[in-house]
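The lines below spell out each chain.
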Amino acid sequence: MPVRASTVRGREFAALVRAAVDSTGMSHRAVAEVLGWDPQKLSDLLTGKGGVTELDFARLLGLCRVKEEEFDHLMTLFKMSREKGWWQHYQGVLPIKMRTLVEHEAVVSELYSWHLTLVPGLLQTPDYMRPLYEVWPKIEAKDIALRVEARVARQQILDGTRKFFFYVHEQALMLPVGGEAVWRDQMHHLLRMSVRPNITVLVVPTLIGAHAGVMGEFSLMKFKKIPSIVYTDTMNSGIFMEDKASVDLYTDILKSLAGVALDAEQSRRLITGIVS
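Residue indices follow the written sequence of each chain, beginning from 1 at its first position. At least 70 in pLDDT is required for a residue's local features to be given in this predicted model, at least 80 for side-chain atom pairs to be given and counted, and no such filter applies to totals for whole chains, interfaces and linings, which use all residues. Processing note: side-chain calculations cover all non-hydrogen atoms of the structure and skip hydrogens and water entirely.

It is a probe the size of a water molecule, rolled over the atoms, that shows where empty space is left. Size it by volume and the largest pocket reaches roughly 970 Å³. Grid spacing is 1 Å over the protein atoms alone, the probe is 1.4 Å, and a cavity is where that probe fits but cannot get out, while a pocket is an open set with protein on both sides within 12 Å along at least five of seven lines and lining residues have an atom within 4 Å of a point. Leu101, Gly121, Arg151, Arg154 and Asp233 are the residues nearest the centre of the largest pocket, which is lined by 40 residues in total. Think of it this way: any DSSP run of H or I at least four residues long counts as a helix, any run of E at least two long counts as a strand, and we number them from the N terminus. For the lining of the largest pocket, the secondary structure elements donating two or more residues are α6 (99-105), β2 (110-115), α7 (126-135), α8 (141-154), β5 (218-222) and β6 (229-233). Grid points are joined across faces, edges and corners, and a volume is the space filled by probe spheres set on the points. Estimated volume of the second largest pocket: approximately 470 Å³. In terms of lining, the second largest pocket is formed by 19 residues, of which the most central are His73, Trp86, Gln88, Tyr90 and Arg99. Those elements that place two or more of their residues in the lining of the second largest pocket are α1 (8-22), α5 (68-80), β1 (86-89) and α6. In terms of residue count, α5 provides more of the lining of the second largest pocket than any other element does, seven residues in total. Classification used: nonpolar for Ala, Val, Leu, Ile, Met, Phe, Trp, Tyr, Cys and Pro, charged for Asp, Glu, Lys and Arg, polar for all others including Gly. Of the residues in the lining of the second largest pocket, the class split is seven nonpolar, five polar and seven charged.

This part covers the sheet that holds β2. We call two strands paired when DSSP finds no fewer than two bridges between them. Taken in spatial order, the seven strands make up an open sheet running β1-β7-β6-β5-β2-β3-β4, and their pairing is mixed. The two strands at the open ends of the sheet, each matched to only one other strand, are β1 and β4 (199-204). Adjacent strand axes in the sheet meet at a mean angle of 15°, parallel and antiparallel pairs treated alike. Where β5 and β6 come together, three bridges link them in antiparallel fashion. Along β6, the bridge assignment pairs Met221 with Ile229. All axes here are fitted lines through C-alpha atoms, helices being fitted over the stretch that makes contact, and every angle between N-to-C directions spans 0 to 180 degrees.

For every residue, the accessible area obtained with a 1.4 Å probe (protein chains only) is divided by the maximum for its type, and the residue is called buried under 20%, exposed over 50%, and partly exposed between those limits. Of all the five residues making up β5, four are buried; the element is thus mostly covered by neighbouring parts of the structure. With antiparallel pairing between neighbouring strands as the criterion, β5 and β6 make up a hairpin whose turn holds six residues.

As a further point, take the environment of Val8. Mapped onto the elements of the fold, Val8 is located in helix α1. A relative accessible area of 0% means that Val8 is categorised as buried. The spacing of Val8 and Pro227 is 219 residues in sequence and 9.7 Å in space, taken between C-alpha atoms. Whether two residues are in contact is decided by their heavy atoms, any of which lying within 4.5 Å being enough. Residues within four places of Val8 in sequence aside, it is in contact with Trp86, Thr100, His104, Ile229, Phe240 and Glu242.

Quick look at the side chain of Gln88 now. Mapped onto the elements of the fold, Gln88 is located in strand β1. For this analysis, a polar contact is any N or O atom pair within 3.5 Å, provided that within protein one partner can donate a hydrogen and the other can accept it, and provided that sequence-adjacent residues contribute only side-chain to side-chain pairs. Polar contacts involving the side chain of Gln88 include one to the side chain of Thr100, which spans 2.8 Å. Those residues in contact with Gln88 that sit more than four places away from it in its chain are Glu12, Thr100, Asn236, Ser237, Gly238 and Phe240.

To continue, consider the pattern of salt bridges. When charged atoms on two side chains of opposite charge get close, those side chains can pair. Salt bridge, as used here: a side-chain nitrogen of Lys or Arg that lies within 4 Å of a carboxyl oxygen of Asp or Glu. Using the criterion set out here, one finds 14 salt bridges in the structure. Across the pair Lys142 and Asp143 runs a salt bridge, and its minimum N-O distance is 3.3 Å. Residue Lys142 is classed as exposed on the basis of its relative accessible area, which comes to 59%. Judged by relative accessible area, which is 17%, Asp143 ranks as buried. The partner of Glu180 in a salt bridge is Arg184, and the shortest N-O contact between them spans 2.8 Å.

Here the focus is unusual backbone geometry. Where the residue is not glycine, phi is negative for most of them; where a peptide bond is considered, it is trans in most cases. Here the phi dihedral of Arg65 falls at roughly 55°; this positive angle occurs in a residue that is not glycine. Mapping Arg65 onto the fold places it in the loop between α4 (54-63) and α5. Overall, Arg65 belongs to the exposed group, its relative accessible area being 76%. For Lys138, which is not a glycine, the phi torsion comes out positive at approximately 70°. Structurally, Lys138 is set in the loop between α7 and α8.

See the structure below:
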């Protein structure tokens, strides 16, 4: 297997393989000895230098007693981990826990996101989230609480160690999700979050008309040690873009939105006016 580049798939592959090996409770040297490998061969695999065949890799996963679903996932990543960009398509709706997204959010240094129809997910209250899941097709009632719990858990990244810039269209603030009481509480929560030093909320007013963000919502993630990526999703898929052309395009969209958005203080005044 050739050396892997730093890609979304490659990073997830490396993290999952290390976790599988560590789950054995054996040292890396002991794992290599059981497989009849030179210890350097396992080290090369875990550091992305390649050097193992598909059969070798399957034997390693067997030793680690990886479950069938995870086995299939890792074998797929083994073959495709060098490819840039990742369209994660699901049979039904998006899974409860968005593994790849969460892993990248956990190491982000700056996150810029654009929201056209709803309050940003990372700034939503549980009461605001719940009615959204209730109206989504194909979501079972028994899973709604789990989905709310998973989204709330993602909000832990707002701890102050990284910066967030949320661009929100004015019309997204006007939608009374959950009824007036829930909506008002959500607006007040948005105002409270917007005064945190690491969180900036910028509203794009309706009166400007057409703007660069009309094609849809997305997030641009910047990291300290890996290249930037763009993420967007639909009801049943998540799309990671990491080629330079895509990152540059969405960076330009954000620059355009910054040119028409209200500043942070003006945005707070507008939100206060709406909720009043």
